[in-house]
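For reference, the chains in residue letters:
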Amino acid sequence: MSTLDWVILITTLCGIIMYGIYKSRTTKNLDGYFLSNRSMPWYMVLLSIMGTQASAVTFLSAPGQAYTDGMRFVQYYFGLPIAMIVICIFFVPVFRRLKVYTAYEFLENRFDGKTRSLTSGLFLLSRGLSTGISIYAPSIILSSLLGWNIYYTNLVMGGLLIIYTMSGGAKAVAYTQQLQLIIIIAGMFLAGYMVVTLLPEGMDFKSAIKVAGNHGKMNVITSGVTNGHFDWKDKYNIWSGVIGGFFLALSYFGADQSQVGRYLTAKSQKESKIGLLTNGLVKVPMQFLILLVGILVFSFYQYHKAPVYFDNATVLLAKNTEYKDSLISLEQKYSSTLAANDYERSNVIRAQYKAVLKKALPGQDPNDTNFIFLRFVVDNLPKGLVGLLIAVIFLAAWGSIAAALNSLASCTVVDFHKKYINVGCTEKEDYNISRWYTLGWGVFSIIVAMFAHNLGNSLIEAVNILGSLFYGVILGIFLVAFWIKRIKANAVFYASVVGELLVILIYKLDYISFLWLNVIGALLVIILSFVIQLFLPVDRKPVVS
Amino acid sequence: MQLDSSKPELPQEEKSNSYWNGWYIIVIVFLLAQVTFYYLITQYFK
């Protein structure tokens, strides 16, 4: 990286931290620290929701996904707008009316304390671990491509944002996310524009899309049907996108405190709803545009020499093994096929190269999808823009990690500390303990990140699988709470425990793509609750609707 | 922690059903329009 890149990167990151600290002034109680005194307008809610969902891997992985697999990944988001409507109709009014701090408080009102604690505990477990992986995933890509020390990268990725998240709570999170998102969108547009300018003379945006289309990359809508049968293991098609994506978005936005905590900061129910519905309008086009950057990068590499493998560090490691000669021989073959413009053959060699890498480094996933975009940036973009795009990766990570830490702290304080440890603490004590829990979760996430290399390098999938293992069951509990009044506390509690074990078992059996686990988890809780309720006496606790 | 359900939100923030139905229709119609557009793109490049 050049000096200019370093200046831009450091200035941007320091600027965000200063802005976060400047916006940290908030009232010293739970309302101020976790909900910004419920004072945010709808556009701040929107930006905060988007900043929380769009993590660093979104910007690293999505263009690479389009490069390798085409545009069909966008279908993953088709269920989201429908989920926004359902949340506005059923979830937001109840959360607002009960003036809850966490989504799980509602469950104590509707069921009982143990159901609330179980659900909040499942959230803390899944979100705590996935936040650690969210720190490690972009760090390993940056450290691998730029030769940075992974431990220091983890510390910067997960550590600096703690300064403003701890001091300013939800308000600092929302304001920094607003600025972060503006820089991220500007950076991605600039990257897309630069790819087009780097295309050979006479080629424009339209012809670049056409080139990608000719190679089957404009496969936006796919049916999931292969050889006349629906493939349940196919990850991205219109059905898994609409149905699986709907359940995933419903659980993420309706039952995950990192998102619920964002729209609870709105100054009214109306502002919460408009923020969510606008997210339903803009999310799919935004993802489409991010994927389109990957398509442009693909077209770019049709006219420039693409690396046989996009992650240099892995190649260097593999070349220290007995497979060094095989790798060098394949690299030579790859160069000659590229010189002959034999695209099909070069793809075959890339696959062979990955197979050799897998043999050379048995513990590692040879998938280099996540490295494609950043490798393109580092190798081809001008000085300054490289620094800006690396800053984009950091800011995207910070936006989602800050919201996660804030939500982890709010659940620990409201659902556990104030309930079981220190019931009658003052507002000042609440505020102080909330800050310490924010710091504690930040340190925990960094420790998880430091050990995450044991997961191999398929980290994005690890985060998604982790979410899918728990989200379905959590969503099922909320669906029963909202819609099936006859089911009471004990039935839903035991159904959730059994449902969670079954979801883990189904995942272990590996019959089905992980996206469907959200649907299965939710349905299992609903069905098991009905069955268990038949064998339990009905208690007469009034139902909150 | 006690939940406070005794204080209803201010009435002015509640909008009529038709206001929200309008929003829901816009979101659904926009989604359908996008899916149609994406379908046409897919077919065009097939």
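Residues numbered from 1 in each chain as written. Chains lettered and ligands numbered in written order. Predicted model: local features only at pLDDT ≥ 70, side-chain atom pairs only at ≥ 80, totals over all residues.

## Observations concerning the overall build of chain A
Scanning chain A from N- to C-terminus turns up 22 helices and two strands. Taken over the C-alpha atoms alone, chain A extends approximately 75 × 55 × 45 Å along its principal axes. Looking at chain A residue by residue over its 545 residues, the buried ones come to 54%. Nonlocal contacts in chain A, meaning residues at least 24 apart in sequence, comprise 84% of its contacts between residues at least 6 apart. (Helix = DSSP H or I, 4+ residues; strand = E, 2+ residues; numbered from the N terminus. Buried ≥ 20, exposed ≤ 12 C-beta atoms within 10 Å, placed from the backbone. Contact = placed C-beta atoms within 7 Å.)

## Details of the overall build of chain B
Counting secondary structure elements, chain B contains one helix and zero strands. When each of the 46 residues of chain B is scored for burial, the buried share is 9%.

## A closer look at the interface of chain A and chain B
With 27 residues of chain A at the contact, the number on the chain B side is 21 residues. Among the elements that take part in the side of chain A that touches chain B, helix H13 (residues 269–301) of chain A stands out by supplying seven residues, more than any other. Of the residues that constitute the side of chain A that touches chain B, the class distribution is 14 nonpolar, six polar and seven charged. (Nonpolar A, V, L, I, M, F, W, Y, C, P; charged D, E, K, R; others polar.)

## Topic: the nonpolar core
Residues and elements named next belong to chain A. Of all hydrophobic cores here, the largest spans 178 residues; its most connected members are Phe59, Met84, Leu291, Val297, Ile393 and Ile474. Tallying contributions element by element places helix H18 (residues 385–421) first for this core, with 22 residues. Residues contacting Leu291, with those up to four places away along its chain left out, are Ala62, Pro63, Ala66, Met71, Phe73 and Val74. (Core = buried A, V, L, I, M, F, W, Y, C linked by C-beta atoms within 7 Å.)

## Let's talk about unusual backbone geometry
Residue and element names in this part refer to chain A. Of note in this structure, Arg38 is not a glycine but carries a positive phi near 45°. Tracing the backbone through its elements, the reader meets Arg38 in the loop between helix H2 (30–35) and helix H3 (42–53). Despite not being glycine, Lys99 shows a phi value in the positive range, around 50°. Assignment of secondary structure puts Lys99 in the loop between helix H5 (80–98) and helix H6 (105–110).

## Concerning the packing of helix H1 (residues 3–22) of chain A against H18 of chain A
All names here are of chain A. The geometry of H1 relative to H18 is characterised by a closest axis approach of 7 Å and an angle of 30° between their N-to-C directions. One way to sum up the angle between H1 and H18 is to call them roughly parallel. For the pair H1 and H18, the crossing hand works out as right-handed. Counted together, Leu4, Asp5, Trp6, Ile8, Leu9, Thr12, Leu13 and Ile16 of H1 and Val386, Gly387, Leu388, Ile390, Ala391, Phe394, Leu395 and Trp398 of H18 form the full contact between these two elements. When the residues that make up the contact of H1 with H18 are grouped by side-chain class, the tally is 13 nonpolar, two polar and one charged. (Axes fitted to C-alpha atoms, helices over the stretch in contact; angles between N-to-C directions. Parallel < 35°, antiparallel > 145°, perpendicular 65-115°, else oblique. Left-handed = near helix turned anticlockwise from the far one by under 90°.)

## Looking at the environment of Gly521 of chain A
Following the sequence through the fold, Gly521 of chain A ends up in helix H22 (residues 516–535). If we skip the residues at most four places from it in the chain, Gly521 of chain A touches Tyr471, Gly472, Val473, Gly476, Gly499 and Val503 of chain A.

## Regarding the packing of helix H15 (residues 324–339) of chain A against helix H16 (residues 343–360) of chain A
Residues and elements named next belong to chain A. Here H15 crosses H16 at 165°, and the two axes come no closer than 9 Å. Here H15 lies roughly antiparallel to H16, going by the angle between them. Between H15 and H16 lies a crossing of left-handed hand. Residue-level contacts link Ser326, Leu327, Leu330, Lys333, Tyr334, Thr337 and Leu338 of H15 to Arg345, Ser346, Ile349, Gln352, Tyr353 and Val356 of H16. Its residues assigned to classes, the contact of H15 with H16 comprises seven nonpolar, four polar and two charged.

## Structural notes on the environment of Asn320 of chain A
Positionally, Asn320 of chain A belongs in the loop between helix H14 (312–318) and H15. Expressed as a C-alpha distance, the spacing of Asn320 of chain A and Thr278 of chain A, which sit 42 residues apart in the sequence, is 52 Å.

## Concerning H16 of chain A
All names here are of chain A. End to end, H16 covers 26 Å across 18 residues, agreeing with the expected 26 Å (1.5 Å per residue, within 8%). Taken residue by residue, H16 has Ser346, Ile349, Arg350, Tyr353, Leu357 and Ala360 as its buried positions. Down the axis of H16, the buried side of the element spans an arc of 105°, and every buried residue falls inside it. Those residues of H16 that are exposed and angled more than 90 degrees off the buried face are Glu344 and Ala351. Where H16 is buried, its residues contact H14 and H15. (Expected span 1.5 Å × (residues − 1). Arc of directions from axis to C-beta.)

## Regarding the confidence of the model for chain B
Looking at chain B, pLDDT values average 78 and 67% of them are 70 or higher. Every residue in residues 5–13 of chain B is under pLDDT 50, and counting partners more than four places away or in other chains gives 10 contacts. (pLDDT = per-residue confidence, 0-100.)

## Some remarks on the environment of Tyr301 of chain A
Residues and elements named next belong to chain A. By the element assignment, Tyr301 lies in helix H13. On the basis of neighbour counts, which here come to 16 C-beta atoms within 10 Å, the residue Tyr301 falls in the partly exposed class. Sequence separation of Tyr301 and Phe376 is 75 residues, and the distance between their C-alpha atoms is 9.2 Å.

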